[in-house]
Structures are given as structure tokens and as C-alpha cells.
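Results of the structural survey
Now for the letters of each chain:
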Amino acid sequence: MSVGFPLPQASFTATLVPRARPGGGLVLTSRGETDQPGHYLTLIDPGTQQLTTPAVHGFAEQLDVHVDGELRAEHAFSVFGLPFLVLHYRIRRADAAPPRTPAADRRLRPAAGGDQEAGLTSPAARCLVSRCTVRARCP
């Protein structure tokens with residue numbers, strides 16, 4: 001699986017290998033036995049317009065996906081073997097009752113100047129916040 005992230009005059013691509021988790025679920029990892037998994041930075045040289053795609057060695061990630069009534073995942077990142085970030089995802093079905101959280105209970109209020117609070121600008125955004133929880137933890 002490859003995921004691309006656009007950058008000015010470039011893109012960053014993560015190519016992850018899928019593996020079944022024992023007991024159900026899925027692991028996506030940038031480490032594998034072939035040379036395809038990993039991270040790549042594709043650059044366009046502004047002078048020559050040549051395209052270059054070097055591998056970004058030392059950067060690694062692993063996404064552990066669990067399915068047990070809800071979808072949960074731990075998304076871990078490391079540089080040269082040193083962990084620096086773990087994201088925790090929790091996604092529930094839209095028809096399931098969401099847990100009570102400060103984000104889910106927060107209502108839109110006009111801010112100074114009449115703008116709505118940043119991050120919760122539409123009913124769809126409020127709905128998403130109430131059903132998806134993402135927590136970051138630095139190891």
C-alpha cells in the first residue's frame with residue numbers, strides 16, 4: 001500500500017507492506033524483506049525540471065489495526081530506530097452511540113469577529129469529532 005503526501009515541488013510517499021495480525025486485524029509496516037517498502041521523497045529540480053526519487057533511509061512506521069467491535073489502531077513512527085511519535089486511532093460506526101467527550105459536547109459559538117471556532121465549522125465536522133478519537137503520544 002502506498003500513501004502520498006504532496007509537498008511544494010515534491011511529494012513524500014510511504015510504501016507499506018500489509019500483514020495479517022494473529023487473532024485478526026492487520027499490520028502495515030514500512031519494513032520488509034524486499035526493497036519496495038519504505039519512504040521516498042520525489043523532487044522536481046526547479047532548474048532542470050528533472051525528477052529524482054531518493055529513498056528516505058532511517059524513517060520507519062508501523063500501523064497496527066485491531067478490530068474488536070470498533071476499529072482501533074496504533075500508528076508508530078521512528079527515525080534510525082528511535083521512536084518519536086505514536087498516534088492512537090479509534091473509529092466507531094456512525095450509527096453507534098458516541099462516547100461523551102469534551103470535543104463531542106463542545107458546541108459552535110461565534111468567536112471574536114463573528115467567525116466560528118476553528119476546527120468545528122460544520123455539522124459534518126462535529127459528527128466526525130464525536131466518532132473518531134485520535135491521541136498522540138511521544139514515547
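In short, a report on the structure. (Residues numbered from 1 in each chain as written. Predicted model: local features only at pLDDT ≥ 70, side-chain atom pairs only at ≥ 80, totals over all residues. Heavy atoms only, no water.)

Across its full length, the protein chain holds two helices and 10 strands. Going from the N terminus to the C terminus, the protein chain shows its helices and strands as β-β-β-β-β-β-β-β-β-α-α-β. Relative to its full complement of 139 residues, the protein chain shows a buried share of 23%. Taken as a whole, the protein chain presents about 9400 Å² of accessible surface, with 61% of it coming from carbon and sulfur. (Helix = DSSP H or I, 4+ residues; strand = E, 2+ residues; numbered from the N terminus. Buried < 20%, exposed > 50% of the residue type's maximum accessible area, 1.4 Å probe, protein only. Areas by Shrake-Rupley, 256 points an atom, 1.4 Å probe, with all protein chains shown as cover.)

What follows is about the side chain of His39. Structurally, His39 can be placed in strand E5 (residues 38–44). Side-chain polar atoms of His39 contact the side chain of Glu61, separated by 2.7 Å. Setting aside its immediate chain neighbours within four residues, His39 contacts Phe12, Thr13, Ala14, Ser30, Pro54, Ala55, Val56, Phe59, Ala60 and Glu61. (Polar contact = N/O pair within 3.5 Å; in protein donor to acceptor, adjacent residues only side chain to side chain. Contact = heavy atoms within 4.5 Å.)

For the rest of this paragraph, the subject is the nonpolar core. In terms of nonpolar packing, the biggest core is built from five residues, these being Leu16, Leu28, Leu63, Val65 and Ala73. Those residues within four positions of Val65 in sequence are excluded, and the remaining contacts are Arg21, Gly25, Leu26, Leu71, Arg72 and Ala73. (Core = buried A, V, L, I, M, F, W, Y, C linked by side-chain atoms within 4.5 Å.)

Bringing unusual backbone geometry into the picture now. Most peptide bonds take the trans form, and the phi angle of most residues other than glycine is negative. Of note in the backbone geometry, Gln9 takes a positive phi value of approximately 55° without being a glycine. Mapped onto the elements of the fold, Gln9 is located in the loop between strand E1 (2–7) and strand E2 (10–15). Even without being a glycine, Gln49 presents a positive backbone phi close to 65°. With respect to the helices and strands, the residue Gln49 is situated in the loop between E5 and strand E6 (51–52). Classification of Gln49 as exposed rests on a relative accessible area of 54%.

Okay, the pairing of strand E9 (residues 82–91) next. Moving residue by residue along a regular strand, the side chains alternate between the two faces of the sheet. Bridge count between strand E8 (residues 71–79) and E9: nine bridges; the pairing is antiparallel. Within E9, the residue paired with Val79 across the bridge is Leu82. Adjacent in sequence and paired antiparallel, E8 and E9 are bridged by two residues, among which Phe80 carries a positive phi angle near 50°. (Pairing = 2+ DSSP bridges.)

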